[in-house]
Amino acid sequence: MAVTLFLPTVLAKLADGRAIESTGETVGAVVANVAARYPNLAPRLRDETGQPYPFVTFYLNDEDIRFNGGFEAPVSDGDELTVVPAIAGG
Amino acid sequence: MTSILPEASPSQAASRAPTAAALRPYSQRCKLCGTENDAAPAAICENCLGPLEPLYPASRRLPDRATIAARPQSMWRYREWLPFEGEPVASLDTGFSPLIDAPRLAERLGVARVWVKNDAVSHPSLSFKDRVVSTAINAAIAFGLDTVGCASTGNLANAVAAHAARAGLASWIFIPEDLEIGKVIGTAVYGPNLVRIKGHYDDVNRLCAQLADRFGWGIVNVNLRGYYGEGSKTMAFEIAEQLGWRLPSAVVAPMAGGSLVTKLGKGFKEFIDAGLVDGATPRVYGTQASGCAPIVRLWERGDSTLVPEIPNTIARSIAIGNPADGAFAAKVMRESGGGGQHVSDEALVAGIRLLAETTGVFTETAGGVTVAGALALAEAGHFRSDDEVVLCITGNGLKTTEAVSDVLPAAPVIAPKVRDVAALVAERTGS
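Description of the structure in this document.

Conventions used here
Residues numbered from 1 in each chain as written. Chains lettered and ligands numbered in written order. Predicted model: local features only at pLDDT ≥ 70, side-chain atom pairs only at ≥ 80, totals over all residues. Helix = DSSP H or I, 4+ residues; strand = E, 2+ residues; numbered from the N terminus. Rg over C-alpha atoms; globule rule 2.2 N^0.38 Å. Buried ≥ 20, exposed ≤ 12 C-beta atoms within 10 Å, placed from the backbone. Contact = placed C-beta atoms within 7 Å. Pairing = 2+ DSSP bridges. Core = buried A, V, L, I, M, F, W, Y, C linked by C-beta atoms within 7 Å. Domains from an automatic or database assignment.

**Some words on the overall build of chain B**
Item 1. From N to C terminus, chain B includes 16 helices and 15 strands.
Item 2. Against the 2.2 N^0.38 benchmark of 22 Å for 431 residues, chain B shows a C-alpha radius of gyration of 22 Å, consistent with a compact globule.
Item 3. Across its three principal axes, chain B shows a C-alpha extent of roughly 70 × 50 × 45 Å.
Item 4. Relative to its full complement of 431 residues, chain B shows a buried share of 55%.
Item 5. Across chain B, the fraction of contacts at a sequence separation of at least 24, relative to all contacts at a separation of at least 6, is 70%.

Structure follows, in structure tokens:
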């Protein structure tokens, strides 16, 4: 599945820009693909156990992935995965 | 800076907004990794994405009790603990809300004393959010921003709209579509760009995090968050001063994003460190509605991984399912020896009524959660008979009349005749 990963400004400088094309069958696979291509970005996407980095939140088509299986959530062609810093609001 | 608003001419801008030539926000340091960041409208660490907090110069001269007491009665009397060098230029009269003795609540809780810190009458927008917006609006002005904004469950919307209007700044305010009408009207009247979003607060918050990245606005609880949050400490400072420069043994506060509880703990510690008060940091208790209690449940589990929730409660002002400061708030509750409590919607409504009937304070749903939470904590044995407890009442009941309108007795309609009143008195009093 072809998925576009969108990064916030603070992380975009660790990649080639704000929008990165990736592939995978699940959110975790899509993220793993990006992490492998951008080693400096990788630790801000996944922690040492391979789980989502605690200070970012992943949204699959604007839905928080934690309500839909986290990294196990399946993706479809054309999906948008957005990374948003977790420290906001309140 | 990019803005989608029409730009004011230099002369218009100069006449609209306060100037801040001598106001400089402090630089910030990451709460997690310690990396120092220059003063900027940014709230997350570029190294680890952790939260930034203002870095106060260790060499700054702190005032004594007499110096503070001689200053005007506003939150700025504690300006050495607020994140700026120089004099603030806007929102100078927020703070110093009443601390009310509440003996009948003390009796109900089985403790020695209870006081109500009454931010239901905060100036100008009737909630504790005036405190955080006062600091944020000064930061925005100091950074030269002409537009501020927020993601809000209501009280913050009221505060940002009011403070921005007074300061002559444009504002963009985003709220969930289903907020109480009092919160919506209490925002719209100030003339902001008010936008209702389909979804919960957490959807609004995610959107605003993306907007701050795109438009360069000063979104008070996103990219100005480090400066914004420090305003909450003034509630702790005022409690200490209003008690006669001493600390209560416990405080109970509502939790939404968790920032207030975190900053109460920080504020008490700063006053102890400054030698202005003696003793231990009060036990800090955080309360939430059962329909959205991710921080209380985190405290109950005892781990450090917050599990987000989809809110389902009438306490919309604290209905944040993915609270940014949840882990930090739980840590303060644990380390202070306090704790957490969640309460049902029915209990929070009863809490609103109990506070009104015993103390003469009409609070909104979050205040009902605080009172009901305190009752539940007392029943669970968290308080001692010699405890002195402060309940932090953070918002005004006139904003959420829907919460109690159906449970209050209807007022009888009678003819303008003495005998009709006499009959009513006899009915009510049995005499």
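We are not done yet, so read on.
**Observations regarding helix α9 (residues 233-242) of chain B**
Residue and element names in this part refer to chain B.
Item 1. Along α9, 9 of the 10 residues are buried, which leaves the element largely enclosed by surrounding structure.
Item 2. Listed in full, the buried residues belonging to α9 are Lys233, Thr234, Met235, Ala236, Phe237, Glu238, Ile239, Ala240 and Glu241.
Item 3. In the stretch just after α9, Gly244 is the one whose phi turns positive, near 90 degrees.

**Structural notes on the pairing of strand β1 (residues 2-6) of chain A**
Residue and element names in this part refer to chain A.
Item 1. With burial as the criterion, only one face of β1 is covered, namely that bearing Val3 and Leu5; the residues Ala2, Thr4 and Phe6 on the opposite face remain uncovered.
Item 2. Taken together, the 5 bridges between β1 and strand β2 (residues 19-23) define a ladder with antiparallel strand orientation. Bridge pairing links Val3 to Ser22 in β2.
Item 3. Where β1 lies against strand β5 (residues 80-85), 3 bridges are found, and the strand directions are parallel. Residue pairing in the sheet places Phe6 in a bridge with Thr82 of β5.

**As for unusual backbone geometry**
Item 1. Of note, the bond from His123(B) into Pro124(B) is cis; its omega dihedral lies within 30 degrees of zero at 0 degrees.
Item 2. The phi angle at Asn61(A) is positive, at roughly 50 degrees, despite the residue not being glycine.
Item 3. Structurally, the position occupied by Asn61(A) is in the loop between β3 (56-60) and β4 (63-64).
Item 4. For Leu49(B), which is not glycine, the phi torsion reads 70 degrees and is therefore positive.

**So, the nonpolar core**
Residues and elements named next belong to chain B.
Item 1. Ala136, Val160, Val252, Val389 and Leu391 are the most contacted members of the largest nonpolar core, which totals 146 residues.
Item 2. It is helix α4 (residues 129-142) that contributes the most residues to this core, 8 residues altogether.
Item 3. Shared between two domains, this core holds at least three residues of each, these being domain 1 (13-55 + 129-228) and domain 2 (102-125 + 232-405).

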